[in-house]
Amino acid sequence: DTGVSQDPRHKITKRGQNVTFRCDPISEHNRLYWYRQTLGQGPEFLTYFQNEAQLEKSRLLSDRFSAERPKGSFSTLEIQRTEQGDSAMYLCASSPSHGYGYTFGSGTRLTVV
Amino acid sequence: DAKTTQPPSMDCAEGRAANLPCNHSTISGNEYVYWYRQIHSQGPQYIIHGLKNNETNEMASLIITEDRKSSTLILPHATLRDTAVYYCIAGSYNTDKLIFGTGTRLQVFP
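In this text, all values refer to a predicted model and were calculated from it rather than measured experimentally. (Residues numbered from 1 in each chain as written. Chains lettered and ligands numbered in written order. Predicted model: local features only at pLDDT ≥ 70, side-chain atom pairs only at ≥ 80, totals over all residues. Heavy atoms only, no water.)

**Quick look at the interface of chain B and chain A**
(1) Moving on: Residue-level contacts link 19 residues of chain B with 22 residues of chain A.
(2) Moving on: Approximately 1,700 Å² of surface area, both sides summed, lies buried where chain B meets chain A, with 51% of it carried by carbon and sulfur atoms.
(3) Moving on: Counting across the chain B and chain A interface gives one salt bridge.
(4) Moving on: With its nearest N and O atoms 2.7 Å apart, the salt bridge here joins Lys97 of chain B to Glu56 of chain A.
(5) Moving on: For the pair chain B and chain A, the interface holds seven residue pairs in polar contact (both at pLDDT 80 or more).
(6) Moving on: Of all elements in the fold, only strand E3 (31–38) and strand E4 (45–50) of chain B reach the threshold of two or more residues within the side of chain B that touches chain A.
(7) Moving on: A breakdown of the residues in the side of chain B that touches chain A according to their chemical character gives eight nonpolar, nine polar and two charged. (Contact = heavy atoms within 4.5 Å. Buried area = accessible area lost by both parts, 1.4 Å probe. Salt bridge = Lys/Arg side-chain N within 4 Å of Asp/Glu carboxyl O. Polar contact = N/O pair within 3.5 Å; in protein donor to acceptor, adjacent residues only side chain to side chain. Helix = DSSP H or I, 4+ residues; strand = E, 2+ residues; numbered from the N terminus. Nonpolar A, V, L, I, M, F, W, Y, C, P; charged D, E, K, R; others polar.)

Dropping the structure here:
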């Protein structure tokens, strides 16, 4: 296991289309996080899972966003009816249940045209 | 989680020590100071963390003031590959989430 994997690395979509991103965390990590990052800003927290349970969602996560982590392994983040304001880097991270040291993936860069 | 304040940018000559400051005057007793960095087009990378004692690992040293209101990340011999945005974050040991600010953009020049 070489780290957190995200797919795809880049996605260009037309406004109004739905997109789905996948994150494969480090296998022994119970916690999984989604962040969004726009140009010049630090990553912003969106949501996190402990195993398959989604424990917190940010107000940034509008009704058009949904995240799942079936079976507590990989996770998906879906954005419905994309808007230009959704253009950003979407980062996934995982960590052990207790402790520090998130491991981030390289992110999925979404461009909505 | 306590708010942190960092300078927006810094320069450092290659081979010299890079000292990145961070203010966290409202940090509470159980909050750690975490440092991450983000190289262009990559996800953030964990560097080091500490509570009140100074810490050192293979990447960097972390110096925390006695009153814990500020800290300094030290890269002892900066290389061009250390050019990145460095984030200082205050949070509890088992924090549910890390809250990133805008960080310090460190430019290492030849």
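**Focus on the state of the cysteines**
Residues and elements named next belong to chain A.
(1) Moving on: The final tally for this structure, using the stated rule, is two disulfides over all chains.
(2) Moving on: Between the sulfur of Cys23 and that of Cys92 lies a disulfide, 1.8 Å long from S to S. Between Cys23 and Cys92 the sulfur-sulfur dihedral comes to about -70°; the bridge is accordingly left-handed. Placement of Cys23 in strand E3 (residues 19–24) and of Cys92 in strand E9 (residues 88–95) is noted, with a sequence separation of 69 residues between them. (Disulfide = S-S within 2.5 Å.)

**Comments concerning the sheet that holds strand E1 (residues 5–7) of chain A**
Residue and element names in this part refer to chain A.
(1) Moving on: Reading across the sheet, the four strands line up as E1-E3-E8-E7 and stay open at both edges, with antiparallel pairing between neighbours. Sheet topology places E1 and strand E7 (65–68) at the edges, where each strand pairs with a single neighbour. Each neighbouring strand pair of the sheet contributes to a mean axis angle of 15°, computed without reference to strand direction. (Pairing = 2+ DSSP bridges. Axes fitted to C-alpha atoms, helices over the stretch in contact; angles between N-to-C directions.)

**Looking at the nonpolar core**
Residues and elements named next belong to chain B.
(1) Moving on: Counting 22 residues, the largest nonpolar core has Trp35, Leu73, Tyr86 and Leu106 as the members making the most contacts within it.
(2) Moving on: Of the residues forming this core, the biggest block, four residues, is contributed by strand E8 (residues 84–92).
(3) Moving on: Those residues in contact with Leu73 that sit more than four places away from it in its chain are Ala18, Asn19, Leu20, Trp35, Ile47, Ile48, Ala60, Ser61 and Tyr86. (Core = buried A, V, L, I, M, F, W, Y, C linked by side-chain atoms within 4.5 Å. Buried < 20%, exposed > 50% of the residue type's maximum accessible area, 1.4 Å probe, protein only.)

**Side note on the layout of surface pockets**
(1) Moving on: Here the largest pocket is characterised by a volume of approximately 500 Å³.
(2) Moving on: Together, 25 residues line the largest pocket, and Gln37 and Gly40 of chain A together with Gln38, His40 and Arg105 of chain B are the ones closest to its centre.
(3) Moving on: Looking at the lining of the largest pocket, the elements with two or more residues in it are E9 of chain A together with E8 and strand E9 (104–109) of chain B.
(4) Moving on: Sorting elements by how many residues they give to the lining of the largest pocket places E9 of chain B first, with four residues.
(5) Moving on: For the lining of the largest pocket, the residue count by class is 10 nonpolar, 13 polar and two charged.
(6) Moving on: A volume near 240 Å³ is recorded for the second largest pocket.
(7) Moving on: Along the wall of the second largest pocket there are 14 residues; nearest its centre are Lys3, Thr4, Ile99, Phe100 and Gly101 of chain B.
(8) Moving on: Looking at the lining of the second largest pocket residue by residue, the classes come out as six nonpolar, six polar and two charged. (1 Å grid on protein atoms, 1.4 Å probe; cavity = no way out; pocket = protein on both sides within 12 Å on 5 of 7 lines; lining within 4 Å. Points joined across faces, edges and corners; volume = space filled by probe spheres on them.)

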